[in-house]
There are 6 protein chains.
Amino acid sequence: MDSRLHRAWAEGKGALNGWLSIPSTVTAEFMALQDFDSLTVDLQHGLVDYQTALSLFQAVEGRGPAPLARVPWNEPGIIMKLLDAGAMGIICPMINTADDAKKFVGACRYHPDGYRSTGPTRAGLIYPNYFPQANKSIVTLAMIETVEAVGNVDAICATPGLTGVYVGPSDLAVSMLKSPGMDPTDPEVVANIDKILAAVKKAGLKAGIHCLTAAYSRKMVEKGFDFVTLASDVRMFLNAASGDVKTYRDLEAKR
Amino acid sequence: MDSRLHRAWAEGKGALNGWLSIPSTVTAEFMALQDFDSLTVDLQHGLVDYQTALSLFQAVEGRGPAPLARVPWNEPGIIMKLLDAGAMGIICPMINTADDAKKFVGACRYHPDGYRSTGPTRAGLIYPNYFPQANKSIVTLAMIETVEAVGNVDAICATPGLTGVYVGPSDLAVSMLKSPGMDPTDPEVVANIDKILAAVKKAGLKAGIHCLTAAYSRKMVEKGFDFVTLASDVRMFLNAASGDVKTYRDLEAKR
Amino acid sequence: MDSRLHRAWAEGKGALNGWLSIPSTVTAEFMALQDFDSLTVDLQHGLVDYQTALSLFQAVEGRGPAPLARVPWNEPGIIMKLLDAGAMGIICPMINTADDAKKFVGACRYHPDGYRSTGPTRAGLIYPNYFPQANKSIVTLAMIETVEAVGNVDAICATPGLTGVYVGPSDLAVSMLKSPGMDPTDPEVVANIDKILAAVKKAGLKAGIHCLTAAYSRKMVEKGFDFVTLASDVRMFLNAASGDVKTYRDLEAKR
Amino acid sequence: MDSRLHRAWAEGKGALNGWLSIPSTVTAEFMALQDFDSLTVDLQHGLVDYQTALSLFQAVEGRGPAPLARVPWNEPGIIMKLLDAGAMGIICPMINTADDAKKFVGACRYHPDGYRSTGPTRAGLIYPNYFPQANKSIVTLAMIETVEAVGNVDAICATPGLTGVYVGPSDLAVSMLKSPGMDPTDPEVVANIDKILAAVKKAGLKAGIHCLTAAYSRKMVEKGFDFVTLASDVRMFLNAASGDVKTYRDLEAKR
Amino acid sequence: MDSRLHRAWAEGKGALNGWLSIPSTVTAEFMALQDFDSLTVDLQHGLVDYQTALSLFQAVEGRGPAPLARVPWNEPGIIMKLLDAGAMGIICPMINTADDAKKFVGACRYHPDGYRSTGPTRAGLIYPNYFPQANKSIVTLAMIETVEAVGNVDAICATPGLTGVYVGPSDLAVSMLKSPGMDPTDPEVVANIDKILAAVKKAGLKAGIHCLTAAYSRKMVEKGFDFVTLASDVRMFLNAASGDVKTYRDLEAKR
Amino acid sequence: MDSRLHRAWAEGKGALNGWLSIPSTVTAEFMALQDFDSLTVDLQHGLVDYQTALSLFQAVEGRGPAPLARVPWNEPGIIMKLLDAGAMGIICPMINTADDAKKFVGACRYHPDGYRSTGPTRAGLIYPNYFPQANKSIVTLAMIETVEAVGNVDAICATPGLTGVYVGPSDLAVSMLKSPGMDPTDPEVVANIDKILAAVKKAGLKAGIHCLTAAYSRKMVEKGFDFVTLASDVRMFLNAASGDVKTYRDLEAKR
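**Considering the overall build of chain A**
Argument step 1. Check the secondary structure of chain A and you find 13 helices and 8 strands.
Argument step 2. Scaling as 2.2 N^0.38, a compact globule of 255 residues should have a C-alpha radius of gyration of about 18 Å, and chain A matches this with 18 Å.
Argument step 3. Per-residue burial over chain A gives 65% buried out of 255 residues.
Argument step 4. Taking the intrachain contacts of chain A between residues at least 6 apart in sequence as the baseline, contacts between residues at least 24 apart amount to 61%.

Here it is as structure tokens:
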């Protein structure tokens, strides 16, 4: 399996990921027309279920960005369904221990590397020579987003078959009894992110992080992250709509 | 978060809940136009999955009744998805032990009260100031519907963060080797319901029960229940359709 | 093509028709389980478009009642699509003149009886030997629902290939500058309905009428109508839901 | 029928309209949360058909903005279906003559003002006392968007029951053999827009215009327009997504 | 606009067209993975409406075959919607006269070549530089499928802006009082097809024909047709399913 | 509950099962029109989720074949939902131990045979007298598809309430470090299949196997299998489409 994401990494570049939370093939296609290296369908906090995710993969297909998915939870049923539907990688939330990581990665890998069931109905059709390649090409990103997970980061990174780690800064902050939010500047949160990054790099894995703004995303790549997510379709849309209306109402008020 | 349900309880009144089992925004909107305090989208026995549940929440929105959901099973993925989609509360089936209750409530509460992941895509948008309020406002109702659960009712009610208990009389009867059915009059079943009610009240929690008729629902409120469900959209529709056709055919036969 | 509707008419009995306005296969299947002779998917005032109508036909299939459709307007595109999708008959609104009727019936009949295009994708599959039978079996009902149409009723009934006429009492009343409503008792409206019935019978065609209650429906059959519609899924559902809630609230108020 | 749109006009203020071209209840609800006076579901150039339009009306319901629809073409079937589904007004494209306008307005008005068929399945439910009010409350906006229509603007404005006119600047420019585009500054196009505005005002009707930016929209209100559309959900979304990605890629290139 | 269809014609080759009648993005994507030059979404006899057609275009996008659509009837609303959604060409049924052809072609062409309204929401996004190219690139194929149309074939072919003609052999046979069917061998039907082909070639237009088998399709290309349709997704699927089951049941019977 | 599947087994005949992986009621209905004894909606590797599965059950209903479902994973929530939706049986993947089998069967059986929750919304409506029959009529097939499961086959077959076993040859081969694939001829794989068959027969249970071709399916029945699946809708469709296009392109190349 070849993709813009695989190529960006092969060239040693940080990859730019987009985020699909709106259950519409139309907005997904709009996102796929932008210059992203990958697009992640979010089945956790996004407003998207399996059947919609399948249609989003189809709408994104052939546009360039590699299709990924974030699953609602570390459950093998939905992980395997999304891979069969054509996801080139899975982001799994709330990986707190090495056991969590092993269960997650195993669901993404065929025997003997894992326990994924064969039958890649759509994936086998759109990716030539799928079975021999899948175990090495499918991207597996474990979310580190609690204090507990930070404590276990080395053990998590030692999981065979794990591609990398994806930092969820908002849940991480909440687990530190701080307010949720993206693009953190709180020194304690940043310290934990740095700790994760160092562990991931030491283990020779890929490091990813969920960001909000282009500026923060770039900063993270420059810091060493290999994969950054630029906000989401929801935030982009809401910012644009509220901004335009505000401009109008401000002009009206000034009159 | 404010709602008719929260207000009814604040006023010490029993709340009237409706039940959405039909996967249609049209029938959901019809239900939302009636004088219910809350409406529960049933993802367990109802013919409804996540994507449909989201659209039902949207159709109900702004009509008055508080949107709740019953989940298919005690699984964190779907519980969190429904809360993010705007459910103000979750009814969870088959809570048989205190451990079940803890796992359920934890999925509904952010750290440190639970392990819910942050990212309330729709909820955060439609409920102002969501994060600081969610842990105290989100309603969590554990279904007590087996003999085992009745035996553990005090332990279940001791779960921190649990709002209350919801009695499923039909499964309870089946677990007693009796026939399934609603609005039970069998003395042994009624005795178990009374036992649950007493335990819930002692614990200072809310007591709810699934009913069929308006008369039985009112009787339960008068008995002390805080939350009663009046049949379901399915039963209302079937009764009406079969009744009207029968009236016609009876008139035809008399001719 | 054989159906309960065709059989009822062959036996000289008035047929009982149900009305599908809710865009849900679930409520359609509920209706199909009742003892109707036919079920009409309403694409005019119903909340239903072509793609949904197709799924409603599939949900009704094999349950007994003959599937019919009311089209939004006298337009050949949608008439032919619904026949290809499996409708055994079409009710067409606002037929005011013989030309209207000719255009309508022509869209339902293959050459040389009309100008329907061949290609009955689903109909040809589910109805054996479709092409040779379609022209004589497909039911065509022209709605007479204006004063103008009443004036032209004989000419309309003279249209070759027209199966019958379907009275829309509410629009008829409005065209007489009266209030809309079903099951009319206003003598002038009733007089026009009687006039239509007499003309249809004289022409040897089938007479149908849209009704609300079982009692009125039966009265119309006894008056000579061959086809009566018993309210609609929407009205049945709303009556049931509002009735049950009212009973509860009345009991609550009495307390 | 009361709405923010009706109130804005009653107060003599220009109304701000939003535009829904994306077939998603999620993006529609996002738009409905903004400070618009009305929201128009575009069934002409928007990626939306009837069944989706119905769900968009439901998602918008109760949020504030009045729901309107632009129809694909001047055809009575779809106009009446959208009104029954809850549209408070219709924008009809390509009204070039007084006959076009009469056909359009007639489809929106019950007898004796027009030929709309009664049966407002959803509208009658959500708008109390619908029938007596509909003929005076339903908004009818005829699009003037060709040179021919400009020539006939006085005759069009003389159509009884017409609420106003909606200028389509892009088609108007194309009909003048100029390039399509919004927020025109070409003096000849602007001259035609001014001519339309003057005629509409002289006739005592409402004048609306499709705009792109907040600044241009406000300018049009200050010029005398009563109704301005601020771009569309599609343009807002595309601007936001392409802008954010560009910012990121520019930062990357600078590195 | 560039496409495999445009390229095949530029190289003087007959193009192979596939036919999408199943309302599923999954089967559409399967078809798009085959070696077709174009794929036509059939909104006439196919089980497909606008909203589904849009999703089929998205599923086909980027796979190679040019997306076309057959409309239900010669109506400007749906023709323009499909072009805006990304159709590179339109096949219009039942073009019997030069006036029919003019109305059809006009709906596909911007002023001054026609009366298409500007606003190509999806088409303008996926096809760079759309407006200046659309009038010359959009394919317009008028169906000749009645005896009347054969009589008017020269006049139809003289319509400015018409790309070509598409023969519907089954309706043509029916209009000759013969049985419907594809791949005709009846000499009188073949004679009419030959007459159409000759007229189209004389006019310098493209000739297309609806076929069933690969063999007949090739024969038509060799005869001079520029565009042949190989059966449909429905027929392929039904042949395969019934064939496999029959093989099994035959083996069972032999036992 | 009566069905073609139950009848075939009552007559001691091997049953022919079809496989639904395409999320379309149209292709499902096409399959239901073929001479299958049962049809299994595949929610594991098929492109189908719960909401679609419900609609597929409705499309299949009344056509003859018994509706079954394969679940994504051994999880009680989805198993119970599919039974409530009308599945007459469940195929559960990756049953490797007796504990797995017990958990699976328990989800399909009401107390005291299992822990299924009562509330068969659709099943209770379409199958008369459902509750008393369900525990004995619902078919439960455990997939044996790993070396581990083969080792535990006797213990799995000893599970009370288990109807039978369903062999997944492709995963079985992968678990033996061989290539995936159907209709295996590899002697070691065949030896394991034979071992499973013998154990199942010894336990007096039903034996099923997933096959590709009609010939292999029949061979399996003759070997003693009671239930064979003939490929899938996906494979049938792809074979047909690719075959027809290849025939055309081969003819073209020969020219």
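**Comments concerning the arrangement of the chains**
Argument step 1. Regarding chain A and chain C, which are not in contact, the minimum distance between any of their C-alpha atoms is 18 Å.
Argument step 2. Across the gap from chain D to chain F, with no contact made, the nearest C-alpha atoms are 18 Å apart.

**Topic: the interface of chain D and chain C**
Interfaces are frequently sized by the accessible area removed from exposure as the parts join.
Argument step 1. Taken together, the contact between chain D and chain C spans 18 residues of the former and 21 residues of the latter.
Argument step 2. Listing elements by their share of the side of chain D that touches chain C, those giving two or more residues are helix 3 (50-60) and helix 4 (76-84) of chain D.
Argument step 3. Ranked by the residues each element gives to the side of chain D that touches chain C, the list is headed by helix 4 of chain D, at 4 residues.

**A closer look at unusual backbone geometry**
Argument step 1. Here the amide bond leading from H111 of chain B into P112 of chain B is cis, since omega sits at 10 degrees, within 30 degrees of zero.
Argument step 2. Mapping P112 of chain B onto the fold places it in the loop between helix 5 (98-108) and helix 6 (123-126).
Argument step 3. Unusually for a residue other than glycine, M94 of chain D sits at a positive phi of about 55 degrees.
Argument step 4. Along the chain, the position of M94 of chain D falls in the loop between strand 4 (89-92) and helix 5 (98-108).
Argument step 5. You can call M94 of chain D buried: it has 22 C-beta atoms within 10 Å.

**Structural notes on the relation of the copies chain A and chain D**
Argument step 1. Note on the copies: chain A fits chain D at an RMSD of 0.0 Å, the axial shift is 0.0 Å, and the rotation between them is 180 degrees. Given the turn and translation reported, the copies of this chain are related as if by a two-fold rotation axis. When C-alpha distances to the rotation axis are compared across chain A, the minimum falls at F237 of chain A, with a value of 2.5 Å.

**Points about the relation of the copies chain D and chain C**
Argument step 1. Under the fitted operation, chain D is carried onto chain C by 0.0 Å of movement along the axis and a turn of 120 degrees, and the coordinates agree to an RMSD of 0.0 Å. The superposition operator between the copies reduces to a three-fold rotation axis.
Argument step 2. In this assembly the copies use different faces: only 11% of the residues contributing to the interface of chain D also contribute to that of chain C.

**A look at the interface of chain A and chain D**
Argument step 1. Facing 32 residues of chain A, the contacting portion of chain D comprises 32 residues.
Argument step 2. Elements with a minimum of two residues in the side of chain A that touches chain D: helix 2 (25-32), helix 12 (214-223) and helix 13 (233-254) of chain A.
Argument step 3. If one sorts the elements of the side of chain A that touches chain D by residue count, helix 13 of chain A sits on top with 14 residues.

**Side note on the sheet that holds strand 3 (residues 66-70) of chain B**
Residue and element names in this part refer to chain B.
Argument step 1. Taken in spatial order, the 8 strands line up as 1-2-3-4-5-6-7-8 and close into a barrel, and their pairing is parallel. Here the strands of the sheet are splayed against their neighbours by 25 degrees on average, with no regard to which way each runs.
Argument step 2. In this sheet, strand 2 (residues 38-42) lies alongside strand 1 (residues 15-20) in parallel orientation, the contact comprising 4 bridges. Across the sheet, N17 pairs through a bridge with S38, a residue of strand 2.
Argument step 3. Packed onto the sheet, helix 12 (residues 214-223) meets strand 7 (206-211) and strand 8 (227-230) and runs at close to 175 degrees relative to strand 8.

**Some details on the environment of D113 of chain E**
All names here are of chain E.
Argument step 1. Tracing the sequence through the fold places D113 in the loop between helix 5 (98-108) and helix 6 (123-126).
Argument step 2. For D113, a count of 15 C-beta atoms within 10 Å corresponds to the partly exposed category.
Argument step 3. Taking the C-alpha atoms as reference points, D113 and P160, separated by 47 residues in sequence, lie 8.2 Å from one another.
Argument step 4. Discounting chain neighbours no more than four positions away, the residues touching D113 are N135 and G161.

**Considerations on the confidence of the model for chain A**
Argument step 1. On average, residues of chain A carry a pLDDT of 97, and 100% of them reach 70 or more.
Argument step 2. Here the predicted complex scores 0.97 on pTM and 0.97 on ipTM.

**Some details on the sheet that holds strand 3 (residues 66-70) of chain F**
Hydrogen bonds between backbone groups are what pair the strands of a sheet, and the pairing can be parallel or antiparallel.
Argument step 1. The parallel closed barrel is built from 8 strands, whose spatial order is 1-2-3-4-5-6-7-8 (chain F). Adjacent strand axes in the sheet meet at a mean angle of 25 degrees, parallel and antiparallel pairs treated alike.

**Let's talk about the pairing of strand 5 (residues 139-144) of chain E**
Residue and element names in this part refer to chain E.
Argument step 1. Among the 6 residues that make up strand 5, 6 are buried, leaving the element largely enclosed by the rest of the structure.
Argument step 2. Residues V139, L141 and M143 line one face of strand 5 and the alternating positions T140, A142 and I144 line the opposite face, and both faces are buried.
Argument step 3. Both strand 5 and strand 6 (residues 164-167) contribute to a ladder of 4 bridges, which runs parallel. In the strand pairing of strand 6, A142 is matched with V165.

**Describing the pairing of strand 4 (residues 89-92) of chain E**
Regular strands show a simple pattern: their side chains alternate between the two faces of the sheet.
All names here are of chain E.
Argument step 1. With burial as the criterion, each face of strand 4 is covered, one bearing G89 and I91 and the other bearing I90 and C92.
Argument step 2. In the sheet, strand 3 (residues 66-70) pairs with strand 4 via 3 bridges, with the strands oriented parallel. Along strand 4, the bridge assignment pairs R70 with I91.
Argument step 3. Read as a crossover between parallel neighbours, the route from strand 3 over helix 4 (residues 76-84) to strand 4 is right-handed.
Argument step 4. Sheet topology places strand 4 next to strand 5; 4 bridges connect them, and they run parallel.

What counts as what
- Residues numbered from 1 in each chain as written.
- Chains lettered and ligands numbered in written order.
- Predicted model: local features only at pLDDT ≥ 70, side-chain atom pairs only at ≥ 80, totals over all residues.
- Helix = DSSP H or I, 4+ residues; strand = E, 2+ residues; numbered from the N terminus.
- Rg over C-alpha atoms; globule rule 2.2 N^0.38 Å.
- Buried ≥ 20, exposed ≤ 12 C-beta atoms within 10 Å, placed from the backbone.
- Contact = placed C-beta atoms within 7 Å.
- Least-squares fit on C-alpha atoms with pLDDT ≥ 70 in both.
- Pairing = 2+ DSSP bridges.
- Axes fitted to C-alpha atoms, helices over the stretch in contact; angles between N-to-C directions.
- pLDDT = per-residue confidence, 0-100.
- Right-handed = clockwise from strand over helix to strand, strands pointing away.

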